[in-house]
Amino acid sequence: MAGISTEVAQVAQRLRDGMAGGVLSFPLTSFRDDGGLDLDAYRVYLADRLATAPGAVFPACGTGEFFSLDEDEYRAVVQATVELADGRLPVVAGIGYGWAQAVRFARIAEDAGADAALVLPHLVSAPQDGLVEQLRRIAGGTRLPLIAYQRGQVAFTAASLRRVAEIPSVIGLKDGHSDLDRLQRLTFAAPEDFLFFNGAATAEIQARAYATVGVPAYSSAVHAFAPEIANAFFAALGEGDHGTVDKLLHDFYVPLVELRDRVPGYAVSLVKAAARLRGLPVGPVRAPLADPGPADLSDLEKVLDHGLSLVGAVRRPA
């Protein structure tokens, strides 16, 4: 990270410390049944998430349905997150689309008090020069430190990541490709202090594999609805308790992933349904996502209840 400022370095260190101490939380965004943003419900839900000691919180990202928020809603969600986090942990807001729109969101997040921004993947295929220029343009329009996110049509080569790391405000990379050969090359290409974390869907499934290439930190969608399970897995992994890790993977995470893979978009809508099963005030997803039907919801309930039982928790405490 060439020419990094003191402020950017401080944010990077806070994130590094947070990644070492807990899962990265990607909260859901609460909507009413009519589709409107329910900010009061979001505050209640988020306060509950923050009480479970995540390493950092990433509002209005993929799990938070960034793509469904207008700018005013986005501002409200990020502001509420900053207020509730109250400086206790880093707040990294999602930004995205083309660089011009991403800058607009970045400036909103900056004004709202976010510590950094996660640059969500854009929707078009692009050459490596374009991927690098996208980040340069965004960096030129905001003071926020940036984390790049490669997934879908965004995939950096080692040579491109070296160029990305030379942008002073780009501090890390979230990987959603799970190509460990390529990822290992990227970790070798980047500066020693560059941040990497596992951003695969249901990242716990591949957490051990990512750790073998020097990327132990990961985001956790399960934390959005079952922090008891997410934190138990994180602790077991960190302690090298492979028996517990294997048990949780075999009996909870793999069945959850098999259910998730039934329908496009379930990576978000299934998570939200699980939160509702626990009585959390998150509401429905917004179109084009769709909430699970009765059969899938019944199967989700069984997977969730069993997963909670493995860590001595229940769906709705008395």
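Further up the page is the structure itself.
S.K.: Where do I start with the overall build of the chain in this structure?
M.R.: The number of helices and strands found in the chain is 12 helices and eight strands. Over its C-alpha atoms the chain spans a radius of gyration of 18 Å, differing by no more than 12% from the 20 Å that the globule rule assigns to 318 residues. Each principal axis of the C-alpha distribution contributes one length, and for the chain these read about 55 × 45 × 35 Å. Taken across its 318 residues, the chain has 55% of its residues classed as buried.

S.K.: What should I look at first to understand the sheet that holds strand β8 (residues 219-220) in this one?
M.R.: Within a sheet, adjacent strands bond to each other through the backbone by hydrogen bonds, running parallel or antiparallel. Pairing in this open sheet of three strands is parallel, and the strands run β2-β1-β8 from one edge to the other. Edge positions in the sheet fall to β2 (56-57) and β8, since each of these pairs with one other strand and no more. When strand β1 (residues 24-25) meets β8, the two strands line up parallel, connected through two bridges. From the neighbouring strand, L24 faces β8, where its bridge partner is S219.

S.K.: Any chance you could explain the pairing of strand β3 (residues 92-95) here in plain terms?
M.R.: The side-chain alternation of β3 yields two buried faces, one formed by V92 and G94 and the other by A93 and I95. Here β3 runs beside strand β4 (residues 116-119); their pairing, made up of four bridges, is parallel. If you follow G94 over to β4, its bridge partner there is L118.

S.K.: I keep staring at the packing of aromatic side chains and nothing clicks. Help me out?
M.R.: Pairs of aromatic rings are described using the distance from one ring centre to the other and the angle between the two planes. All chains considered together, the criterion is met by 12 aromatic pairs. Here the aromatic residues Y218, F233, F234, F252 and Y253 are joined through ring pairs into a cluster of three or more.

S.K.: How should the environment of P127 be read in this particular structure?
M.R.: Counting through the fold element by element, P127 comes out in the loop between β4 and α5 (128-140). In sequence terms P127 and V154 are 27 residues apart; their C-alpha atoms lie 9.2 Å from each other.

S.K.: Help me out: how do you make sense of the pattern of salt bridges in this one?
M.R.: Think of it this way: side chains of opposite charge can pair up when their charged atoms draw near. Summed over the entire model, instances satisfying the criterion amount to 22 salt bridges. R43 is the salt-bridge partner of E83, the closest N and O atoms lying 2.8 Å from each other. Residue E83 is located in helix α3 (residues 71-85), and its partner R43 is located in helix α2 (residues 39-50); the two are separated by 40 residues in the primary sequence. Given the relative accessible area of 47%, E83 is considered partly exposed. What makes R43 partly exposed here is its relative accessible area of 28%. Where D72 meets R75, a salt bridge forms, and the shortest distance between an N and an O atom there is 3.1 Å. A residue pair is termed a helical-turn pair when its members lie 3 or 4 positions apart in one helix, as D72 and R75 do in helix α3 at three residues. Using a relative accessible area of 57% as the deciding quantity, one classes D72 as exposed. Residue class for R75 comes out partly exposed when judged on its relative accessible area of 31%. Overlapping salt bridges bring together E133, R136 and R137 as one network.

S.K.: Could you clarify how one ought to interpret the layout of surface pockets in this entry?
M.R.: To find leftover empty space, one rolls a probe the size of a water molecule over the atoms. Approximately 910 Å³ is the volume attributed to the largest pocket. If you go around the largest pocket, you meet 38 residues; those closest to its centre are G62, F67, Y149, R151 and V268. For the lining of the largest pocket, the elements supplying multiple residues, two or more each, are β8, α10 (242-260) and α11 (266-277). With six residues, α11 is the largest single contributor of residues to the lining of the largest pocket. Grouping the amino acids of the lining of the largest pocket by side-chain chemistry returns 24 nonpolar, 11 polar and three charged. Computed from the structure, the second largest pocket encloses a volume of approximately 420 Å³. If you go around the second largest pocket, you meet 20 residues; those closest to its centre are M19, F196, G214, P216 and A217. Of all the elements in the fold, those that place two or more residues in the lining of the second largest pocket are α1 (6-21), α7 (180-189), β7 (195-198) and α9 (227-239). Within the lining of the second largest pocket, the residues separate by chemical class into 14 nonpolar, four polar and two charged.

Conventions we followed
Residues numbered from 1 in each chain as written. Predicted model: local features only at pLDDT ≥ 70, side-chain atom pairs only at ≥ 80, totals over all residues. Heavy atoms only, no water. Helix = DSSP H or I, 4+ residues; strand = E, 2+ residues; numbered from the N terminus. Rg over C-alpha atoms; globule rule 2.2 N^0.38 Å. Buried < 20%, exposed > 50% of the residue type's maximum accessible area, 1.4 Å probe, protein only. Pairing = 2+ DSSP bridges. Phe/Tyr/Trp six-rings, centres within 6.5 Å; stacked < 30°, edge-to-face > 60°. Salt bridge = Lys/Arg side-chain N within 4 Å of Asp/Glu carboxyl O. 1 Å grid on protein atoms, 1.4 Å probe; cavity = no way out; pocket = protein on both sides within 12 Å on 5 of 7 lines; lining within 4 Å. Points joined across faces, edges and corners; volume = space filled by probe spheres on them. Nonpolar A, V, L, I, M, F, W, Y, C, P; charged D, E, K, R; others polar.

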